[in-house]
Amino acid sequence: MNSRLVLLLLAAGGLVDFATSNSLDLVGKHNYPVEQHKLATSDGYILTIFRIPYSPRNGEARAHKAAVFLQHGITGSSDDWLLNGPSSGLPFLLADAGFDVWLGNSRGNSYGRAHNGLDPKKAAFWEFSWHEIGAYDLPAQIDYVLGVTHQPALHFIGHSQGGTAYLVMLAEHPEYNDKILTTNLLAPLAFCSHMRSQLMTMVLKVEDYMVEGEYSPGSLTQHKSSDAFCAAPLWKHVCQDILFTLIAGKSPHIKKLTAKLQKTATSGFSNRLLKHYAQVFKTGRFAKYDYGSATNLRVYGTRRPPLYALSNVAPLTVNMFYSDSDQLLSVEDAETLAQRISAIQHHVEVEDWNHLDFLYATNVVKVIYRDLIQSIRDHNPRLI
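Residues numbered from 1 in each chain as written. Predicted model: local features only at pLDDT ≥ 70, side-chain atom pairs only at ≥ 80, totals over all residues. Heavy atoms only, no water.

1. A few points about the packing of aromatic side chains
Centre-to-centre distance and the angle between the planes together describe a pair of aromatic rings.
Reasoning step 1: Evaluated as defined, the whole model comprises 17 aromatic pairs.
Reasoning step 2: Look at F125 and W126: their rings are 5.0 Å apart centre to centre, the planes differ by 70°, and that puts the pair in the edge-to-face class.
Reasoning step 3: For W126, a relative accessible area of 2% puts it in the buried group.
Reasoning step 4: Among the aromatic residues, those joined into a cluster by ring pairs are W130, F191, Y277, F286 and Y308.
Reasoning step 5: Above the plane of the ring of Y176 lies K179, whose end atom (NZ or CZ) is 4.1 Å from the centre. (Phe/Tyr/Trp six-rings, centres within 6.5 Å; stacked < 30°, edge-to-face > 60°. Buried < 20%, exposed > 50% of the residue type's maximum accessible area, 1.4 Å probe, protein only. Lys NZ or Arg CZ within 6 Å of the ring centre and 35° of its normal.)

In structure tokens, the structure reads:
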């Protein structure tokens, strides 16, 4: 069946929405086919995800292609993977390699600001951390992709918080190990004791005063004037650039992307999400969110939040990429995680390779993506 007809049929059936959005534009302007899909999590959050079903460089769509699912990092969205375009954007490269590519999103970002009963303008909407992204968002998205593609399993790629959520998913739902062909983690955050991010330093100073709600500059400065200042058109991009610097540091490998990053950052996340990372940083424990001993006792049955059962993380092949200069993931923390989940370690030794370089570096294809795609190919089952 002609691929354009397939897309029209999906749209008529309500499975694909062709409304304008950044991810749609970022894919479509390069003449790659793109679909927009909506789904609901079991706790009511409505997420929009995107699909590149094939590449114009290798002909029309064909059935039974292996699916690859990509999950973005902290402050991000599906847009992040697309900013480099076809020359070095991982989704385009995967489509060119013959895969059915899906771009996930998480609650709270630009494509996850809806709920069946909660208002994103109210604090209750934002009562989540990366735990809920792993426990609810990822399983819902993976099940949806497998349902649409009629495949039993897929390849997973996660950057930063995308890796955190993935570990949570398998710790909480070990049955999802059977739905994963290969796991590919780019600077995944789990153990954070040696994190050097300036943002974390700021969070630690004010976490006791951070109320439930969406992150804003005022969350860290404790001054509402910060929100007004950063909302002003003249200063909005300055604040976004400062946030990226605080999170991941500057990189000499990222060039000519400043304007594009300003248009997409930040996509939206909760204060609780940052506080959860701060708790892991302070305690050295990859554990569930600490509500305080009284609430912990009611929620978990223990005064301390329980550790995530990393022994449940047991997919067949786990590739893990990390570097020496990453402000968020140190070599020590990366190697601790790799040992716990029996990952194949890919230690990037390029000088000054930082957290965002895994997405945006001008030489990311040579340093990361070429080997990553080959590994996926090597572990890809022959589909009928």
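Alright, that's what it looks like, and here's the rest.
2. Some details on the UniProt feature "active site" (unreviewed entry) in the protein
Reasoning step 1: In this structure's numbering, the residues bearing the UniProt feature "active site" (unreviewed entry) are S160, D326 and H355. Spanning 196 residues, the named residues form one tight spatial group whose C-alpha atoms are at most 10.8 Å apart.
Reasoning step 2: Among the structural elements, D326 can be located in the loop between β8 (318–323) and α13 (331–340).
Reasoning step 3: Excluding its chain neighbours within four sequence positions, the residues that come into contact with D326 are A187, R196, W353, N354, H355 and F358.
Reasoning step 4: Separated by 2.8 Å, the side chain of D326 and the backbone nitrogen of L328 make a polar contact.
Reasoning step 5: When its relative accessible area of 1% is taken as the criterion, H355 is described as buried. (UniProt positions renumbered as here; feature names shortened; annotations may be inferred. Helix = DSSP H or I, 4+ residues; strand = E, 2+ residues; numbered from the N terminus. Contact = heavy atoms within 4.5 Å. Polar contact = N/O pair within 3.5 Å; in protein donor to acceptor, adjacent residues only side chain to side chain.)

3. Things to note about α13
Reasoning step 1: Listed in full, the buried residues belonging to α13 are V331, D333, A334, L337 and A338. Angular distribution of buried residues about the axis of α13 spans 165°; they occupy a single face of the element.
Reasoning step 2: Turning to α13, the residues buried within the fold contact α5 (161–172), β8 and β9 (344–348).
Reasoning step 3: Phi for S342, located one or two positions after α13, is positive at around 55°. (Arc of directions from axis to C-beta.)

4. Section: the environment of V318
Reasoning step 1: By secondary structure assignment, the location of V318 is in strand β8.
Reasoning step 2: Accessibility expressed as a relative area gives 3% for V318, which makes it buried.
Reasoning step 3: For the pair formed by V318 and I344, sequence separation is 26 residues and the distance between their alpha carbons is 6.0 Å.
Reasoning step 4: When neighbours within four sequence positions are excluded, V318 is seen to be in contact with T183, L185, I341, A343 and I344.

5. A word on helix α4 (residues 130–149)
Reasoning step 1: Between the first and last C-alpha of α4 there are 27 Å, a value that for 20 residues agrees with the 28 Å anticipated at 1.5 Å per step.
Reasoning step 2: Of all bends in α4, the biggest is about 30°, found at D137, and the proline P139 comes one to four residues later.
Reasoning step 3: H150 lies just past α4 and shows a positive phi near 60°. (Expected span 1.5 Å × (residues − 1). Bend = angle between axes of the 7 residues up to and from the residue.)

6. Some thoughts on the nonpolar core
Reasoning step 1: Counting residues in each nonpolar core, the largest one holds 93 residues, and the members touching the most others are L94, I157 and I368.
Reasoning step 2: Once residues within four sequence positions are removed from consideration, I368 is found in contact with L186, F321, V348, W353 and F358. (Core = buried A, V, L, I, M, F, W, Y, C linked by side-chain atoms within 4.5 Å.)

7. Considering the packing of α4 against α5
Reasoning step 1: Running from N to C, α4 and α5 cross one another at 80°; their axes reach a closest spacing of 8 Å. One finds that α4 runs roughly perpendicular with respect to α5. Across the interface between the two elements, W130, H131, I133, G134, A135, L138, P139 and I142 from α4 touch Q161, G162, T164, A165, Y166, V168, M169 and E172 from α5.
Reasoning step 2: A breakdown of the residues in the contact of α4 with α5 according to their chemical character gives ten nonpolar, five polar and one charged. (Axes fitted to C-alpha atoms, helices over the stretch in contact; angles between N-to-C directions. Parallel < 35°, antiparallel > 145°, perpendicular 65-115°, else oblique. Nonpolar A, V, L, I, M, F, W, Y, C, P; charged D, E, K, R; others polar.)

8. Regarding the pairing of strand β7 (residues 180–186)
Reasoning step 1: In terms of burial, β7 is largely enclosed, as seven of its seven residues are buried.
Reasoning step 2: When strand β6 (residues 154–159) meets β7, the two strands line up parallel, connected through five bridges. Within β7, the residue paired with F156 across the bridge is T183.
Reasoning step 3: As paired strands, β7 and β8 are joined by four bridges and run parallel to one another. Counted as the bridge partner of N184 is N319 from β8. (Pairing = 2+ DSSP bridges.)

9. Observations concerning the pattern of salt bridges
Reasoning step 1: Scanning all chains against the criterion turns up seven salt bridges.
Reasoning step 2: The partner of D100 in a salt bridge is R51, with the nearest N and O atoms 2.6 Å apart. Of this pair, D100 sits in strand β4 (residues 100–103) while R51 sits in strand β2 (residues 45–52), placing them 49 residues apart in sequence.
Reasoning step 3: Overall, D100 belongs to the buried group, its relative accessible area being 4%.
Reasoning step 4: Residue class for R51 comes out buried when judged on its relative accessible area of 12%.
Reasoning step 5: The closest approach of N and O atoms between R57 and D96, which form a salt bridge, is 3.4 Å. Of this pair, R57 sits in the loop between β2 and β3 (67–71) while D96 is found in helix α3 (residues 90–96), placing the two residues 39 residues apart along the sequence.
Reasoning step 6: R57 gets classed as exposed once you look at its relative accessible area, which sits at 58%.
Reasoning step 7: Overlapping salt bridges, with partners in common, bring together E35, R51 and D100 in one network. (Salt bridge = Lys/Arg side-chain N within 4 Å of Asp/Glu carboxyl O.)

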